[in-house]
Amino acid sequence: MLVSNLAVFNVDQTQVELRLIPNSHGPVNEDDIKQLLNQPEFAMLRPLEQNIAKAMAEVNSQCGQDIGKHELFFTIAERVDGQVSIDISEDKMSASMTLVSAYGGKDATLPMILNALKSHKIKMGLSKPKIQSLIQQLTILPPGEKCSSTIATGKAAINGINASLKRQVPLARERLLQPQEREDGSVDMRNLGAMIMVKPNDVLMIKTPATKGEPGYNVNGDVLLQVEGKDANMSAGSGTQLDNENPNLLIATVPGQPVENRQGMQVDDVLQIKDVDVKYGHVNFEGSILITGDVHEGMHVKSSGDITVMGFVDSATLEAKGDVIVSKGVIGRLIKEHQLSTSITAEGQICAQFVQYSNLTAQSDILVTKQLLHSHSQSDSQITVSDPNAKRGDLVGGKATAAKGITAVAFGATAGTKTELFCAMHQSELRAEVKLADEKAKRFVVSGLDIESRLRKLPPKTEWQTDAGMIEQVKMMLDEKKDIANQRAQSELEFKVLEQEVAGYYNKYCIQAEKHIFANVEIHIGPAQNRTQREHGPCQVKNVHNEVSYDYGTH
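### Focus: the pairing of strand β34 (residues 366-373)
Turning to step 1, where the next piece is worked out: Of all 8 residues in β34, 7 are buried; the element is thus mostly enclosed.
Turning to step 2, where the next piece is worked out: Summarising the sheet, strand β32 (residues 350-356) and β34 pair through 6 bridges and their orientation is parallel. Residue pairing for β34: Ile350 is matched across the bridge by Ile366.
Turning to step 3, where the next piece is worked out: Bridge analysis of β34 against strand β37 (residues 394-396) gives 3 bridges, and the strand direction is parallel. Each residue of the ladder has a partner; that of Leu372, found in β37, is Leu395.

This is the structure in structure tokens:
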């Protein structure tokens, strides 16, 4: 055991020195040396482990030799002040502070902490209670122990919400799925209820304005600009106007049938016809058309609004700026290869219970509640062949193309009828949009750097602060800087949205079979293609790594 006076403070009381003569004090072990540091005056100091190990090795190696007569000198402990360290997250939205308790030195003080915050340029989102709590923890921490906490948090920008338009009245197409109930509780598929009409001053649509959002900041005090919500244009179509007292209300000015269009709504005069046949002639009407009977072979019906047919359409042509709704069936014939006798085109939706040998082209959805047979259907949105309960709905033969997916209860037939399905064919165009959005965002970055450079080149403020013209010029430059920053934030958000759309494109737009996909169904999802060789049960069919993949786990 070593005597206590072999370890003493150095002159400035910052280190503990150990002086040993190997032949007099050796051999020694590590515990012998550390026992010296347990003395009250040294107990709070930091042991120098490497030096202690070196002392033990040297003393023991020289013990009993001539060289062991000479005194050896080692520094085995030291006084260390408390430490303050700051860590800022990569996005600069939070900063944490770690305090290390002193080894016999001075613990971190508030001035030390404030200097550390200043050197790291942390000025926003600071929590005084959390800093005080850390300082309080120091008073009970053993030497060298740490305490940490997040002491500054930025505030994320709150992006604005896009304006939205909400329709307040039902449309003619919605009657197709709402047949009337008889007194005995059964359903009359032929009676779709009273025609949907509005009268003057009825509210057709309500606009919820876009919000601006709120800017945020990071812990360094940099302003994080928000992306303001996009406005949505609600225009008054024919027979409507914006309310004089509340421009966010679109109201009817005339009685008629409400029709939804891309900007808002319109109210159409309604031409009611029993049957469209050679006796009545072709129809071209500025407004909506209600045909209570049938549209016969060879007839043409054209409308600036909706076309509603309560009976059948047989080998005829219908064109509507709005929706086309056929409550019974659409019947066509194969004139010659790929040429069909019935054609329906709508800028809105096409809805029917039954369709065969017909060309259907819609900018919005195509909905067939029972069967879509041997037809050529094309939608810029979705094609659905199903009743409301997904019990019945067969898509058999022909070719169906939908940008945003196809759903049916069953595709193809047990007889192996050739059926072609195309969906999600526009990812390459979307990629091109992503590239353009990225280039646009980068142009705003360059413009922002340019305006920053121009501002830095301005002469000192003292030289122009009394020059009204110069003040106006500087103000315009600052406004330009803010405008560029806003546009950059908006374009970067658009880029991210498009990028996410591309990334999730094939997961979002796919083919959904509620019950069956039979053999000989040719499936195209983007560049992926496959022809079924057997029957598949309920599944989602997706493009996975440019291969057609059947997912049976979604049911």
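### Here we look at the sheet that holds strand β6 (residues 94-100)
Turning to step 1, where the next piece is worked out: A sheet is described by the order of its strands in space; here 3 strands give the open sequence β5-β6-β7, paired in antiparallel fashion. Two strands lie at the open edges of the sheet, namely β5 (83-88) and β7 (146-153), each paired on one side alone. Adjacent strand axes in the sheet meet at a mean angle of 20 degrees, parallel and antiparallel pairs treated alike.
Turning to step 2, where the next piece is worked out: Lying over the sheet, helix α4 (residues 110-119) contacts β5, β6 and β7, oriented at roughly 30 degrees with respect to β5.
Turning to step 3, where the next piece is worked out: Lying on the sheet, helix α5 (residues 128-138) is in contact with β6 and β7; it crosses β7 at an angle near 170 degrees.

### A look at the packing of aromatic side chains
Turning to step 1, where the next piece is worked out: Taken as a whole and judged by the stated rule, the model has 3 aromatic pairs.
Turning to step 2, where the next piece is worked out: A centroid spacing of 5.2 Å and a plane angle of 85 degrees characterise the contact between Tyr505 and Tyr509, whose relative ring orientation is edge-to-face. In terms of burial, Tyr505 and Tyr509 fall into one category: buried.
Turning to step 3, where the next piece is worked out: One aromatic cluster in this structure is built from Tyr505, Tyr506 and Tyr509.
Turning to step 4, where the next piece is worked out: When the ring centre of Phe422 is taken as reference, the NZ or CZ atom of Lys399 above it lies at 4.8 Å.

### A few points about the layout of surface pockets
Turning to step 1, where the next piece is worked out: Of the pockets and cavities examined, the largest pocket occupies roughly 690 Å³.
Turning to step 2, where the next piece is worked out: Looking at the largest pocket, it is lined by 20 residues, and the ones nearest its centre are Leu225, Ala485, Arg488, Ala489 and Glu492.
Turning to step 3, where the next piece is worked out: Residue assignment for the lining of the largest pocket shows that the elements contributing at least two residues are β15 (223-224), α6 (427-456) and α8 (468-503).
Turning to step 4, where the next piece is worked out: The biggest single contributor to the lining of the largest pocket is α8, with 9 residues.
Turning to step 5, where the next piece is worked out: Residue composition of the lining of the largest pocket, by class: 12 nonpolar, 2 polar and 6 charged.
Turning to step 6, where the next piece is worked out: Glu260, Asn261, Arg262, Glu347 and Gly348 are the residues nearest the centre of the second largest pocket, which is lined by 19 residues in total.
Turning to step 7, where the next piece is worked out: Broken down by secondary-structure element, the contributors of at least two residues to the lining of the second largest pocket are β19 (257-260) and β20 (264-268).
Turning to step 8, where the next piece is worked out: For the lining of the second largest pocket, the class distribution of residues is 3 nonpolar, 10 polar and 6 charged.

### Overview of helix α3 (residues 49-62)
Turning to step 1, where the next piece is worked out: Helix length check: α3 (14 residues) gives 20 Å between terminal C-alpha atoms against 20 Å at 1.5 Å per residue, within 8%.
Turning to step 2, where the next piece is worked out: Within the span of α3, buried status applies to Ile52, Ala55, Val59 and Gln62. Looking down the long axis of α3, one finds its buried residues gathered within 115 degrees of arc, a one-sided arrangement.
Turning to step 3, where the next piece is worked out: Of the surrounding secondary structure, the elements contacted by the buried residues of α3 are β2 (15-20), α1 (22-25), α2 (30-36), β3 (46-47) and β4 (72-78).
Turning to step 4, where the next piece is worked out: Two residues or fewer after α3 comes Gly64, characterised by a positive phi angle close to 85 degrees.

Conventions we followed
- Residues numbered from 1 in each chain as written.
- Predicted model: local features only at pLDDT ≥ 70, side-chain atom pairs only at ≥ 80, totals over all residues.
- Heavy atoms only, no water.
- Buried < 20%, exposed > 50% of the residue type's maximum accessible area, 1.4 Å probe, protein only.
- Helix = DSSP H or I, 4+ residues; strand = E, 2+ residues; numbered from the N terminus.
- Pairing = 2+ DSSP bridges.
- Axes fitted to C-alpha atoms, helices over the stretch in contact; angles between N-to-C directions.
- Contact = heavy atoms within 4.5 Å.
- Phe/Tyr/Trp six-rings, centres within 6.5 Å; stacked < 30°, edge-to-face > 60°.
- Lys NZ or Arg CZ within 6 Å of the ring centre and 35° of its normal.
- 1 Å grid on protein atoms, 1.4 Å probe; cavity = no way out; pocket = protein on both sides within 12 Å on 5 of 7 lines; lining within 4 Å.
- Points joined across faces, edges and corners; volume = space filled by probe spheres on them.
- Nonpolar A, V, L, I, M, F, W, Y, C, P; charged D, E, K, R; others polar.
- Expected span 1.5 Å × (residues − 1).
- Arc of directions from axis to C-beta.

By themselves, these figures tell us nothing about what the structure is for.
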